[in-house]
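# Architecture and fold: a report
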Amino acid sequence: MGSQLPTTFDRPVHIAVIGGTGLSKLPGYHPVAIISPTTPWGVPSSPITILEHSGVPIAFLSRHGTHHQIAPHEVPARANIAALRSIGVRTIIAFSAVGSLQEHIKPMDFVIPDQIIDRTKGIRPFTFFEGGVVGHVGFADPFDAKLAAVVQRCAAAMKGDGVTLHTGGVVVCMEGPQFSTRAESNMYRSWGGSVINMSALPEAKLAREAELAYQMICMATDYDCWRNTDGEDVDVAMVMHYMAKNSENAKHLVGAVLDELAKQDNSDLVLAKHWAGSAQGAVKFMTKPEGRNPEAMKNVEFLFPGFWNE
Ligand SMILES: CSC[C@H]1O[C@H](OP(=O)(O)O)[C@H](O)[C@@H]1O
Ligand SMILES: Nc1ncnc2[nH]cnc12
């Protein structure tokens, strides 16, 4: 079906959904185009499907590729974020299947995290600003509180469907692709971790560098391995089982969030006006003109057209 769709789309698309494990498509929406942008950091994980929702175009990107062929440490996060920004995206709702590190977060529950602990190992490219242009953006609060509030408002509507949505929480982002040892899982609990995944970073860091409003919605699929109960340690079958069971709820939640974002009242939020200029300020005054590498400058220009002229 995708091949019959137009491969260009001539309006800016401001909202994107990134699907993770078990969510490689967003069924139930009307696809109007499928585009394959290229960036200085390569091509995104999957073609970007443009879907229409109440007359508003939405971009959908599958983090692990159309067939889940991209491992967490191989996700081309810079290309994903840069490609989305290049088509006009300023708001990203990112889904992730997570292990629960807390008894009260049960498989099937949703969590809107507000913090991250970085347990990746430095092997993933994690910044746009390098190779002759330096920038240091603030990352104290890695997600977008305004977007989180929108998702929370939608959760109230979901309660009737039996979904528990936890507000706030710490995502531990591990390197993977192997799951944690029991000692690690217990250590993350002692650090205050709520849930664990392999995908929050560098995605959230890059979204901040690109001045995007970014919020992850986590879906718990397992209790990792800290509970040490026979037969309950996480494995892929368990994750996929709960993802399949939960996909209806995920779809409801996305629909409600998109409805809310489509409202005129949220147009400044969707355009991420509250982030505009934040990264540019962090870059422009760092590297003196005589130290800037033209290639690195061109890359920054891709993200922020007109950057060096202003
Ligand atoms: C198949 S379990 C591990 C895998 O699931 C999560 O994926 P995503 O965050 O993209 O939904 C986790 O981060 C790992 O990549
Ligand atoms: N236990 C777990 N650890 C890391 N990523 C996960 N994704 C889903 N469950 C997970």
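In this numbering scheme, every chain counts its residues from 1 along its sequence in written order. All chains are assigned letters beginning with A, and all ligands numbers beginning with 1, in the order in which they are written. A pLDDT threshold of at least 70 governs which residues receive local features in this predicted model, and a stricter bar of 80 or more applies before side-chain atom pairs are shown or counted, although totals over entire chains, interfaces and linings include all residues. Here the side-chain values reflect all heavy atoms present in the structure, with hydrogen atoms and water set aside.

Looking at an unreviewed UniProt entry, the chain carries the name S-methyl-5'-thioadenosine phosphorylase, with the source organism given as Cladorrhinum samala. UniProt positions are given in the numbering used here, feature names are shortened, and annotations may be inferred rather than shown by experiment. A UniProt comment under Pathway (unreviewed entry) is attached to the chain, and it reads "Amino-acid biosynthesis; L-methionine biosynthesis via salvage pathway; S-methyl-5-thio-alpha-D-ribose 1-phosphate from S-methyl-5'-thioadenosine (phosphorylase route): step 1/1."

### Details of the site of ligand 2
Note on terminology: near, applied to a residue and a molecule or strand, indicates that one of the residue's heavy atoms is within 4 Å of it. Surrounding ligand 2, one finds 13 residues, the nearest of these being Ala97, Gly99, Asn197, Asp222 and Asp224. One nitrogen or oxygen atom from the main chain of Gly99 is found 3.2 Å from a nitrogen atom belonging to ligand 2. Burial of ligand 2 by the surrounding chains reaches 95%, relative to a free accessible area of 260 Å². Numbering goes from the N terminus for both helices and strands, where a helix is a DSSP run of H or I of at least four residues and a strand is a run of E of at least two. Put simply, the parts of the chain that give the shell around ligand 2 at least two residues each are strand E5 (91-100), strand E10 (195-197) and strand E11 (213-222). The leading source of residues in the shell around ligand 2 is E5, at three residues. Classes in brief: Ala, Val, Leu, Ile, Met, Phe, Trp, Tyr, Cys and Pro nonpolar; Asp, Glu, Lys and Arg charged; the others, Gly included, polar. Split into classes, the residues belonging to the shell around ligand 2 amount to eight nonpolar, three polar and two charged. Polar contact is defined as a pair of N or O atoms within 3.5 Å, subject to the rule that within protein one atom must be able to donate a hydrogen and the other to accept it, and that residues adjacent in sequence are counted only when both atoms are side-chain atoms. To be clear on the numbers: accessible area is Shrake-Rupley with a 1.4 Å probe, and residue cover counts the displayed protein chains and nothing else.

### Description of the site of ligand 1
Contacts to ligand 1 come from Gly20, Thr21, Arg63, His64, Pro72, Ser96, Ala97, Phe179, Asn197, Met198, Ser199 and Val239. The contact in question runs from an oxygen atom of ligand 1 to an N or O atom on the side chain of Ser96, over 2.6 Å. A distance of 2.7 Å is found between an oxygen atom of ligand 1 and a backbone nitrogen or oxygen belonging to Met198. When ligand 1 sits alone it has 390 Å² of accessible area, and the protein chains cover 92% of it.

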